[in-house]
Amino acid sequence: MSRVLIGALASLLLAIVPWMPSMAASPEAAAVLRASFAQERVLPGFRRPLRSEGDVLLVRGEGLRWRTRAPFPSTLIVRDGRMAFRDAEGRTQAVDDGGHVAGLVQALLDALLAADRAALATRFTVSDLPPPRPSAWALGLVPKDAPLDAIYTRIEVVGEVHVERIELHEASGGRTTIRFHDTRVQATAGEAERRALE
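Residues numbered from 1 in each chain as written. Predicted model: local features only at pLDDT ≥ 70, side-chain atom pairs only at ≥ 80, totals over all residues. Heavy atoms only, no water.

*Asks:* How would you explain the pattern of salt bridges if you had to name every residue and give the values?
*Replies:* Enumeration over the complete set of coordinates arrives at 14 salt bridges. A salt bridge links Arg-194 to Glu-62; the nearest nitrogen and oxygen atoms lie 3.5 Å apart. With a gap of 132 residues between them, Arg-194 in helix H5 (residues 191–196) and Glu-62 in the loop between strand S2 (50–59) and strand S3 (63–70) connect regions that are remote in the sequence. (Salt bridge = Lys/Arg side-chain N within 4 Å of Asp/Glu carboxyl O. Helix = DSSP H or I, 4+ residues; strand = E, 2+ residues; numbered from the N terminus.)

So, in structure tokens, the structure goes:
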């Protein structure tokens, strides 16, 4: 599996991490979580950051959809231990890595949805960071093993009721910042949410 794909999947996985505190407060009430995102990636040697935006859908026990709307529409679906990319024309390509990264995403997703910080700590060194204001929280994650430790040196997550920002510091010197807005949760998943994961 290419480093670019692993990096994309790592970003996707880590985008789920900040919802753990809100789900821990009411784990039964968060069957579905939706949010919009704006992502900015700063690369060494480039003057201008790369920007993208889209939305994410997370359905407990079902899977995850990460949809980029701009500048190039694409969708990544993680479901039942499998992954697939869909392009702007609707063509779908399955990602076959022997289930390694998909399995990692699925296992950590289950731990996050259960608000299981101990399970998360098997893959990351987790620490509380000084929050930017009294009503907020901040979390630090340092990957313990491959493939994440080869890509990221540390991850910083800031939020209040829901995530506001994730900052991923790359071993290459790059940095990705993901800002979330319009985060919504609902108690049950319906047919529309299940169809979105197909």
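*Asks:* Please provide a residue-by-residue account of the layout of surface pockets, values included.
*Replies:* Over the atoms, a rolling probe the size of a water molecule traces out where space has been left empty. Looking at the second largest pocket, its volume works out to about 180 Å³. Around the second largest pocket, the lining comprises 13 residues; the ones closest to its centre are Ile-77, Arg-82, Met-83, Ala-84 and Leu-197. Among the elements of the structure, strand S4 (74–79), strand S5 (82–87) and strand S6 (92–95) are those that each provide at least two residues to the lining of the second largest pocket. Among the elements that line the lining of the second largest pocket, the one with the most residues is S5, at five residues. Taken together, the residues of the lining of the second largest pocket break down into seven nonpolar, one polar and five charged. (1 Å grid on protein atoms, 1.4 Å probe; cavity = no way out; pocket = protein on both sides within 12 Å on 5 of 7 lines; lining within 4 Å. Points joined across faces, edges and corners; volume = space filled by probe spheres on them. Nonpolar A, V, L, I, M, F, W, Y, C, P; charged D, E, K, R; others polar.)

*Asks:* Give a detailed account of the packing of aromatic side chains, specifying residues and quantitative values.
*Replies:* Counted by the stated rule, this structure contains two aromatic pairs. Look at Phe-37 and Trp-66: their rings are 4.2 Å apart centre to centre, the planes differ by 20 degrees, and that puts the pair in the stacked class. Taken together, the residues span a long stretch of sequence, with Phe-37 in strand S1 (residues 32–42) and Trp-66 in strand S3 at a distance of 29 residues. What makes Phe-37 buried here is its relative accessible area of 1%. For Trp-66, a relative accessible area of 9% puts it in the buried group. Here Trp-66 and Phe-180 contribute two aromatic rings whose centre-to-centre distance is 6.5 Å and whose plane-to-plane angle is 80 degrees, an arrangement assigned as edge-to-face. Separated by 114 residues along the polypeptide, Trp-66 in strand S3 and Phe-180 in strand S11 (residues 175–186) bring together distant segments of the chain. Just as Trp-66 is buried, Phe-180 falls in that class too. (Phe/Tyr/Trp six-rings, centres within 6.5 Å; stacked < 30°, edge-to-face > 60°. Buried < 20%, exposed > 50% of the residue type's maximum accessible area, 1.4 Å probe, protein only.)

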